Amino acid sequence: MADSLICEYCNALSNTRDGSVGNFKKWVCSSCGALRYWGLCCNQGWLVRVRLSNTGEERYVCEECETVFAVELESGKPVTNLGEWLSMEGLEPVWTNFEQLKETTSMIDTDKG
């Protein structure tokens with residue numbers, strides 16, 4: 001994986017690796033502050049923070065293998081997979097049943113405060 005990436009939010013070539021959280025490589029865009037976590041579950045996709053449309057519950061989902069993680073990434077243990085999680089909530093296993101959230105460094109600072 002490269003040391004810099006194009007940010008999907010602001011298109012700047014300025015993302016830099018910023019350590020790790022649990023078993024996940026953390027990346028921060030130096031232009032807009034967007035956070036990204038590389039999914040080491042399959043080592044092929046980003047973790048996306050999502051919110052369920054019917055309950056407001058938030059989780060991380062790997063874009064590639066659809067493994068679901070708790071919002072507290074430190075444990076690094078998967079909770080379930082996308083199909084099982086949405087079925088438990090009475091929803092079809094499709095990405096349209098939740099919204100993707102843009103996570104930023106200021107959002108994390110607020111969560112800790």
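Fair warning: this is a prediction, and the values are worked out from it, not measured in the lab. Position numbers for residues count from 1 along each chain, tracking the sequence in the order it is written. The predicted origin of the model limits local features to residues at a pLDDT of at least 70 and limits the giving and counting of side-chain atom pairs to 80 or more, whereas totals for whole chains, interfaces and linings rest on all residues. The basis for every side-chain value is the complete set of heavy atoms in the structure, and neither hydrogens nor water enter the calculation.

Put simply, DSSP H or I for four residues or longer makes a helix, DSSP E for two residues or longer makes a strand, and each gets a number counted from the N terminus. On the secondary structure map, T67 appears in strand β6 (residues 67-69). Residue classification places T67 among the buried residues on the basis of a relative accessible area of 15%. In sequence terms T67 and P78 are 11 residues apart; their C-alpha atoms lie 6.5 Å from each other. Ignoring sequence-local partners within four residues, the contact set of T67 consists of C41, Y60, V61, C62, P78, T80 and N81. Exposure is judged per residue with a 1.4 Å probe applied to protein chains only, and the accessible area is read against the type maximum: over 50% gives exposed, under 20% gives buried, and values in between give partly exposed. Note on contacts: a residue pair is in contact if any heavy atoms of the two residues lie within 4.5 Å.

Another aspect to go through is the pattern of salt bridges. By definition, a salt bridge exists where a carboxyl oxygen of Asp or Glu is found within 4 Å of a side-chain nitrogen of Lys or Arg. Applying the stated rule across the entire model yields 7 salt bridges. In this structure, R36 and E63 form a salt bridge, with 3.7 Å as the shortest nitrogen-oxygen distance. Of this pair, R36 sits in strand β3 (residues 35-39) while E63 sits in the loop between β5 (58-62) and β6, and the two are 27 residues apart along the sequence. What emerges from the salt-bridge pattern is a single network uniting R49, R51, E58, E99 and E103.

This part covers the environment of S31. Along the chain, the position of S31 falls in the loop between β2 (24-29) and β3. A residue is classified by how much of its surface remains accessible, and S31, at 52% relative accessible area, is exposed. The sequence separation of S31 and S14 amounts to 17 residues, and the corresponding C-alpha distance is 6.5 Å. Among residues more than four places away in sequence, those in contact with S31 are C10, A12 and S14.

Below, the discussion takes up the pairing of β2. By the criterion of burial, β2 is predominantly enclosed, with 5 of the 6 residues buried. Two strands form a pair only when DSSP identifies at least two bridges running between them. Pairing between β2 and β3: 4 bridges, direction antiparallel. Paired with W27 across the strands is R36, a residue of β3. Here β2 folds back onto β3 in antiparallel fashion, the turn holding 5 residues, of which G33 has a positive phi close to 80 degrees.

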